[in-house]
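# Per-entry structural report
As a plain string of letters, each chain reads:
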Amino acid sequence: MASVRIAALGAIGVRTGRVLTEGDELHYEVRGDGPPLLMISGGGGDAGFYEVVATILSGQYQVITYDRRGNSRSTRNNPQNFEISQQSRDAVAVLRANGHASALMFGNSGGAVILLDLAKTHPHSIILGVVHEAPVVRVLPDAAKWSRFFANCYATAHRFGSHAAMARVALSTRLPWKSLKAVPSDLAKRMAGNHDFFVKHEMIPFSGYKPDVRKIQENEVRLIIAAGAFTLRKNLYYGRASPILAEQLGRPMSVLPGNHISYLDQPLAWATALRELLGTRQLAPNEGG
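I will try to describe carefully the structure that is included in this document. (Residues numbered from 1 in each chain as written. Predicted model: local features only at pLDDT ≥ 70, side-chain atom pairs only at ≥ 80, totals over all residues. Heavy atoms only, no water.)

## Some details on the layout of surface pockets
To keep it simple, the criterion reads: Lining residues are those with an atom within 4 Å of a point, where the points come from a 1 Å grid over the protein atoms alone and group into cavities, where a 1.4 Å probe fits but cannot get out, or pockets, open sets with protein on both sides within 12 Å along at least five of seven lines. Grid points are joined across faces, edges and corners, and a volume is the space filled by probe spheres set on the points. Under the DSSP-based scheme used, a helix requires at least four consecutive residues in state H or I and a strand at least two consecutive residues in state E, with every element numbered from the N terminus. Three classes are used: nonpolar for Ala, Val, Leu, Ile, Met, Phe, Trp, Tyr, Cys and Pro, charged for Asp, Glu, Lys and Arg, and polar for all others, with Gly counted as polar.
By volume, the largest pocket amounts to about 780 Å³. Together, 34 residues line the largest pocket, and Gly43, Met166, Thr173, Leu175 and Met191 are the ones closest to its centre. Secondary-structure elements contributing two or more residues to the lining of the largest pocket are helix 6 (162-173), helix 8 (185-207), helix 11 (237-249) and helix 12 (262-265). Tallying contributions element by element places helix 8 first for the lining of the largest pocket, with 10 residues. Split by residue class, the lining of the largest pocket holds 22 nonpolar, 12 polar and no charged.

Have a look at this one:
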């Protein structure tokens, strides 16, 4: 992983910037000069999640990543309450700051929830969206169990602190150790600073989000629902939601390599697979396969 990261980062420059929107400044990074690809991160909201794969993909796309409001190098002033609808507007603001009205999009985990909300509220901003392992537990048959789990994690955060709550959430993901070890030290340090915001503000809105299936269908947004092969094989809750969501939306279901964060531990294979999915951007809104 380290050698891939060093080689990739040396291959192309990174342009950074900040956009002021709704009272906060959002840090963003741009790599490449092709068709725009906006990548939205999940819990912890940091552009660094995609640093390596963004560089790999920048040979074909202009890859735009950013620190979401309230996380890392972006600010959190207005409002104090976390709103997914505002996170969607933030994504559009980052896109427009880079001169684009629409883009290919990828969202992972909480970022996939934001992408689903964009499909409802800003459909014309999406050329094609890849929704990867959105933790929308309300679509699951055992939704009540997982809603209670996240409510208990939230209570843990306020009673015992954010680190204890994050430990409970992390254990539920059952991520392989090799994936966790692949997190770069600078990203891990910034993420640690985001844990309190995640468990006290982002976690419940993300896990409790219910996609507006009817509205997304009416908007005829081109979406592909995806999950990692490891996630599906282990029958993990955030992966189980993906085929259910694909069926509800009438959108194709695809499998990417690895697990929830394999853009970190399998960057070359993962980026290659994502590139193949993005190449299906002429897919009709209701076409499967």
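## A few points about helix 13 (residues 267-278)
Stated precisely, the cut-off is as follows: A helix is expected to span 1.5 Å for every residue after the first. Burial classes: relative accessible area under 20% of the type maximum marks a residue as buried, over 50% as exposed, and values in between as partly exposed (1.4 Å probe, protein chains only). By arc we mean the arc of the directions from the helix axis to the C-beta atoms, nothing more.
Between its first and last C-alpha atoms helix 13 spans 16 Å; for 12 residues at 1.5 Å apiece the expected length is 16 Å, and the two agree. Buried residues of helix 13: Pro267, Trp270, Ala271, Ala273, Leu274, Leu277 and Leu278, and no others. Looking down the long axis of helix 13, one finds its buried residues gathered within 160 degrees of arc, a one-sided arrangement.

## A short note on the sheet that holds strand 8 (residues 253-256)
We count it as follows: In this scheme, strands are said to pair when DSSP sees at least two bridges between them. Between the N-to-C directions of two axes lies an angle of 0 to 180 degrees, each axis being a line fitted to C-alpha atoms and, for a helix, fitted only over the stretch in contact.
Ordered by their spatial adjacency, 8 strands build an open sheet running 1-2-4-3-5-6-7-8, and the pairing between neighbours is mixed. This sheet does not close on itself; its edge strands, each paired only once, are strand 1 (15-21) and strand 8. Recorded for the sheet is a direction-independent mean angle of 25 degrees between the axes of neighbouring strands. Taken together, the 6 bridges between strand 5 (residues 103-108) and strand 6 (residues 126-132) define a ladder with parallel strand orientation. Counterpart to leucine 104 in the pairing with strand 6 is leucine 128.

## Notes on the nonpolar core
General note: in soluble globular proteins, nonpolar side chains tend to be found buried as a group. Note the cut-off: Residue types Ala, Val, Leu, Ile, Met, Phe, Trp, Tyr and Cys, when buried and joined through side-chain atoms within 4.5 Å, form a set referred to as a nonpolar core.
The biggest cluster of nonpolar side chains holds 88 residues, and the ones touching the most others in it are Leu38, Met39, Leu116, Leu118, Val131 and Val136. Top element by residues in this core is helix 4 (residues 110-121). It accounts for 7 residues.

## Quick notes on the packing of aromatic side chains
How two aromatic rings sit relative to each other is set out by the distance from centre to centre and by the angle between their planes. Inclusion rule: Any pair of Phe, Tyr and Trp rings, taking the six-membered ring for Trp, is counted once the centres come within 6.5 Å. Such a pair is stacked with planes under 30 degrees apart, edge-to-face with planes over 60 apart, and tilted for the rest.
One pass over the structure, following the stated rule, counts 11 aromatic pairs. Aromatic side chains tyrosine 50 and phenylalanine 106 sit 5.9 Å apart centroid to centroid with 80 degrees between the ring planes, which places their arrangement in the edge-to-face category. Remark: phenylalanine 106 occurs in strand 5 and tyrosine 50 occurs in the loop between strand 3 (36-40) and helix 2 (51-57); sequence separation between them is 56 residues. Among the residues examined, tyrosine 50 registers a relative accessible area of 1% and is labelled buried. Looking at phenylalanine 106, the relative accessible area reads 0%, which means it is buried. Summarising the aromatic geometry, the rings of tyrosine 237 and tyrosine 238 are spaced 5.0 Å apart at their centres and angled 85 degrees between planes, so their arrangement reads as edge-to-face. Residue classification places tyrosine 237 among the buried residues on the basis of a relative accessible area of 5%. Exposure remark for tyrosine 238: the relative accessible area of 2% places this residue in the buried category. Following the ring pairs from residue to residue traces out a cluster consisting of Trp146, Phe149, Phe150, Tyr237 and Tyr238.

## A look at the environment of leucine 115
Which entries qualify depends on this criterion: The contact criterion used throughout is that any non-hydrogen atoms of two residues lie within 4.5 Å.
Along the chain, leucine 115 turns up in helix 4. Taking the relative accessible area as the measure of exposure, leucine 115 reaches 0% and is therefore buried. Residues leucine 115 and leucine 223, 108 residues apart in the sequence, show an inter-C-alpha distance of 9.4 Å. Beyond its immediate sequence surroundings of up to four residues, leucine 115 is in contact with Met105, Phe106, Gly107, Ile126, Gly129, Val130 and Val131.

## Concerning the pairing of strand 2 (residues 24-31)
The buried fraction of strand 2 is high, at 7 of 8 residues. Counting the residues that bridge the hairpin from strand 1 to strand 2 gives 2 residues, and of these glutamate 22 lies at a positive phi of roughly 50 degrees. Bridge analysis of strand 2 against strand 4 (residues 62-66) gives 4 bridges, and the strand direction is antiparallel. Directly across from glutamate 29, in strand 4, lies its bridge partner threonine 65.

## Some details on the side chain of aspartate 46
Applied cut-off: Polar contacts here mean pairs of N or O atoms no more than 3.5 Å apart (in protein, one a potential hydrogen donor and the other a potential acceptor; neighbouring residues in sequence count only if both atoms are side-chain atoms).
With respect to the helices, strands and loops of the structure, aspartate 46 is situated in the loop between strand 3 and helix 2. By relative accessible area, aspartate 46 is classed as buried at 0%. A distance of 2.5 Å separates a polar atom in the side chain of aspartate 46 from a polar atom in the side chain of serine 72. A polar side-chain atom of aspartate 46 sits 3.2 Å from a polar atom in the side chain of arginine 73. Here aspartate 46 is in contact with Ser41, Tyr66, Asp67, Ser72, Arg73, Leu187 and Arg190, once residues within four sequence places are set aside.

## Regarding the pattern of salt bridges
To keep it simple, the criterion reads: The salt bridge definition used is simple: a Lys or Arg side-chain nitrogen within 4 Å of an Asp or Glu carboxyl oxygen.
For the structure shown, the criterion picks out 15 salt bridges. Ionic pairing is found between aspartate 46 and arginine 190, a salt bridge with its closest N-O pair at 2.7 Å. Of the two residues, aspartate 46 is situated in the loop between strand 3 and helix 2 and arginine 190 in helix 8; the sequence distance between them amounts to 144 residues. With a closest N to O distance of 2.9 Å, aspartate 142 and arginine 240 form a salt bridge. Here aspartate 142 is found in the loop between strand 6 and helix 5 (143-160), whereas its partner arginine 240 is found in helix 11, with 98 residues between them in sequence.

Any functional reading would require information beyond the geometric quantities listed.
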